[in-house]
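Here are the chains, one letter per residue:
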Amino acid sequence: MTAATDVIVEVSGLHKAFGELEVLKGIDVEVKRGQVICIIGPSGSGKSTLLRCVNLLEEPNAGKIVVNGSEITHEDVDIDAARRGIGMVFQSFNLFAHLSVLDNLTVAQRKVLKRGKEEAERVARDNLQKVGLSDKESSMPAQLSGGQQQRVAIARALSMNPEVMLFDEPTSALDPELVGDVLAVMRQLAEEGMTMLVVTHEMQFAREVADTVLFMDGGVVVEQGVPAQVIGDPQHERTQSFLARVLNPNHQGG
Amino acid sequence: MALTRRQRRSAFRGAQYILLLVIVLVLAVLADWTRIGHAFFDLNIAAKQFPDVITVALKNTIVFTALGFALGLALGLLLALMRLSSVGPYRWFARGYIEFFRGLPALLIFLAIGVGVPIAFPNTHLPRNVSIMLALGIVSSAYMAETIRAGIQAVPRGQVEAARSLGMSPTRSMITIVIPQAFRIILPPLANELIMLTKDSSLAFLLGTTPAQQELAQFSRQALLQAKGLTPIVVAGLCYLIITIPLSLVQQRLEKKYGAGVPAGGSV
């Protein structure tokens, strides 16, 4: 494989402002196929905005984003087609409230990929099994726990056979005892070789699963490298104080 | 001596029951029940209303309402989407239409269609059902447009983001994800609108009637001319309830059924 096809997400010179507020001030990130990248940082650091730019849920003000060979920031690109290859998992799950679990997994397969009913349901059931929720296919989202909803959301994204998966704080809205199930599914995905960009506060997960950890603060990438380096032995003062606060919340003064 | 909370509550409830009993007794003693019976519900007169009150009047009321509601719903959805459009002129037109027709009495709109259309377009002759459908549709569309718009805006933003992130186009997301949820949210006000429309259909008499085209209100007015007392009105009133009460029951059942399909905040 050549180096060019090896890179699946390439972000360069990315700027994003909401009105006067500049959230991203020049971001460069490169994700290789099969890599797991965890993005950590304090709230307001721009990490979710960065993730949402990668499938153009937020439109950048400047910079270039290439996903799977197509430059999605280009005016003439078919963004709907590009998004098919990018799975997204949200903090608030966002399951379609009026559809059963199975229909949540088949609706986009059928309407977007034009798969037949049988094929779509087969794919959906495979993915439900993968997240351990085969028995819930006829439930409505409101009948599931948060952890179950998030696993369904992961299965829904997987049903589109994405090349890369984006996770936007997937466990932040969950009760603590439900976090483990979701992380276990994500860990399994990583082991199967899925390319993943994960915005997270779960340092243990980042430490164990990530190939690269990105620490963001104030709209820039402050520090990046392997977890042992960024989390284990942070060089930058801002990284050190953030990790001190996250890893030891009771400790005052950072 | 001070009463406990429990004692105070039961004393208060007891007083209300006694008051109710007194009112009922006074009415029962003072009212002339035979006269009231003759005036409001004379069985002989009521019997004469049948079967036409059902086969003609009730049927016409239902047909007019259904036609008006169908047109109103279609126009209302179109106007709601126009109000949310990114194209300025669409928004302005929808805004103007809604403000105009929501502000006018239904009576004026019926008159405008009954009198105005023949003057403005002398060579067209609208079938009467079409005129009624137009009038009721225009009246209800202005209200429904605002209801539907509110429903669309009440669907959480995350639903659209999820749809878009799965590769659905904006139009596809709207049709497949947003509109079905919006209608679940606005079921109660839509049922309200349908019930109001059932009653507004009584204005159909303004567009001229032959006996075969009378709906409930017109039918009872005609019957009133021939009968002593108000019995025809009571019969017509009961017929309206025959329509509206089942509608309420259907609404309740739908709300129960779709309760689980209404978007929650998204948290656990």
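What follows covers the confidence of the model for chain B. Note: predicted coordinates in regions of low pLDDT should not be interpreted at a detailed level. Residue and element names in this part refer to chain B. Here chain B averages 88 in pLDDT, and 96% of its residues register 70 or above. Predicted confidence in chain B is weakest over helix 3 (residues 43-49), with a mean pLDDT of 79, and strongest over helix 8 (residues 157-165), with 96. Both scores are given for the predicted complex: the pTM is 0.85, the ipTM 0.92.

Another point: the pairing of strand 6 (residues 86-89) of chain A. All names here are of chain A. Across the two faces of strand 6 the burial is the same, with Ile 86 and Met 88 and Gly 87 and Val 89 all buried. Where strand 6 and strand 7 (residues 164-168) come together, 4 bridges link them in parallel fashion. Residue pairing across strands places Gly 87 opposite Met 165, the latter belonging to strand 7.

With that out of the way, let us pick up the sheet that holds strand 4 (residues 62-67) of chain A. All names here are of chain A. Strands sit in the order 2-1-4-5 across an open sheet of 4 strands; the sheet is antiparallel. Unpaired on one side and paired on the other, strand 2 (21-32) and strand 5 (70-71) mark the two borders of the sheet. Pairing analysis gives 5 bridges linking strand 1 (residues 7-18) to strand 4, with the strands arranged antiparallel. Bridge pairing in strand 4 places Val 9 opposite Val 67. Sheet strands in contact with helix 2 (residues 47-54) are strand 1, strand 2 and strand 4, and its direction is about 120 degrees off that of strand 1.

Right, let's talk about the sheet that holds strand 8 (residues 195-199) of chain A for a bit. All names here are of chain A. Strand order in the open sheet made by the 6 strands is 6-7-8-3-9-10, with mixed pairing throughout. With partners counted over all chains shown, the strands left at the sheet margins are strand 6 and strand 10 (220-225), one partner each. Between one strand axis and the next, the sheet turns by 15 degrees as a mean value, whatever way the strands run. Judged from the 5 bridges that link them, strand 9 (residues 212-217) and strand 10 form a sheet pairing that is antiparallel. Bridging across to strand 10, Val 213 finds its partner in Gly 225. Sitting on the sheet, helix 7 (residues 176-191) is in contact with strand 3 (36-40), strand 7 and strand 8, with an inclination near 145 degrees to strand 8.

Residues and elements named next belong to chain A. Of note, Leu 56 is a non-glycine position whose phi angle comes to about 65 degrees, a positive value. Tracing the backbone shows Leu 56 in the loop between helix 2 and strand 4. On the accessibility criterion, Leu 56 (15% relative accessible area) is buried. Positioned with a positive phi, Glu 169 is a non-glycine residue whose angle comes to about 45 degrees.

As a further point, take the interface of chain B and chain A. Size of an interface: often given as the accessible area lost when the parts come together. The interface of chain B with chain A comprises 25 residues on the first partner and 30 residues on the second. When chain B packs against chain A, the two sides together hide about 2,200 Å² of surface, and 62% of this comes from carbon and sulfur. Note that Glu 161 of chain B and Arg 52 of chain A form a salt bridge whose closest N and O atoms lie 2.6 Å from each other. Summed over the shared surface of chain B and chain A, the number is 6 residue pairs in polar contact (both at pLDDT 80 or more). Of all the elements in the fold, those that place two or more residues in the side of chain B that touches chain A are helix 8 and helix 9 (170-185) of chain B. Residue classes in the side of chain B that touches chain A are distributed as 11 nonpolar, 10 polar and 4 charged.

Next up on the list: the pattern of salt bridges. Counted by the stated rule, this structure contains 18 salt bridges over all chains. Between Lys 32 of chain A and Glu 30 of chain A there is a salt bridge; the shortest N-O distance is 3.9 Å. Residue Arg 102 of chain B is joined to Glu 99 of chain B by a salt bridge in which the shortest nitrogen-to-oxygen separation is 3.7 Å. In this pair, Arg 102 of chain B and Glu 99 of chain B both sit in helix 5 (residues 88-103), 3 residues apart, roughly one turn of the helix. Given a relative accessible area of 38%, Glu 99 of chain B falls into the partly exposed group. Within the structure, one salt-bridge network assembled from shared partners comprises Lys 117, Glu 121, Arg 125 and Glu 137 of chain A.

Moving on: the packing of aromatic side chains. What the rule picks out here adds up to 4 aromatic pairs over all chains. Ring geometry for Phe 93 of chain B and Tyr 97 of chain B: centres 6.2 Å apart, planes at 40 degrees, overall tilted. In this pair, Phe 93 of chain B and Tyr 97 of chain B both sit in helix 5, 4 residues apart, roughly one turn of the helix. Considering the side-chain rings of Phe 100 of chain B and Phe 101 of chain B, the 5.0 Å spacing of their centres and the 90 degrees angle between planes classify their relative orientation as edge-to-face. The exposure class of Phe 101 of chain B is buried, given its relative accessible area of 18%. Taken together, the ring pairs in this structure connect Phe 93, Tyr 97, Phe 100 and Phe 101 of chain B into an aromatic cluster. The ring of Phe 96 of chain A has Arg 156 of chain A sitting right over it, with the charged end atom 4.5 Å from the ring centre. The positively charged end of Arg 221 of chain B is found above the aromatic ring belonging to Phe 205 of chain B, 4.8 Å away from the centroid.

Residue and element names in this part refer to chain B. Where nonpolar side chains cluster on the molecular surface, the patch consists of Trp 33, Ile 36, Phe 40, Phe 41, Leu 43, Leu 230, Ile 233, Leu 238, Leu 241, Ile 245 and Leu 249 and spans about 1,000 Å² of accessible area. Elements with a contribution of two residues or more to the nonpolar patch: helix 2 (33-40) and helix 12 (231-258). Take the nonpolar patch: its biggest share by element is 5 residues, from helix 12. Relative to the assigned elements, Leu 43 resides in helix 3.

Reading guide: rules and limits
Residues numbered from 1 in each chain as written. Chains lettered and ligands numbered in written order. Predicted model: local features only at pLDDT ≥ 70, side-chain atom pairs only at ≥ 80, totals over all residues. Heavy atoms only, no water. pLDDT = per-residue confidence, 0-100. Helix = DSSP H or I, 4+ residues; strand = E, 2+ residues; numbered from the N terminus. Buried < 20%, exposed > 50% of the residue type's maximum accessible area, 1.4 Å probe, protein only. Pairing = 2+ DSSP bridges. Contact = heavy atoms within 4.5 Å. Axes fitted to C-alpha atoms, helices over the stretch in contact; angles between N-to-C directions. Buried area = accessible area lost by both parts, 1.4 Å probe. Salt bridge = Lys/Arg side-chain N within 4 Å of Asp/Glu carboxyl O. Polar contact = N/O pair within 3.5 Å; in protein donor to acceptor, adjacent residues only side chain to side chain. Nonpolar A, V, L, I, M, F, W, Y, C, P; charged D, E, K, R; others polar. Phe/Tyr/Trp six-rings, centres within 6.5 Å; stacked < 30°, edge-to-face > 60°. Lys NZ or Arg CZ within 6 Å of the ring centre and 35° of its normal. Patch = residues over 30% accessible without salt bridge, like charges linked within 9 Å, V, L, I, M, F, W, Y side chains within 5 Å. Areas by Shrake-Rupley, 256 points an atom, 1.4 Å probe, with all protein chains shown as cover.

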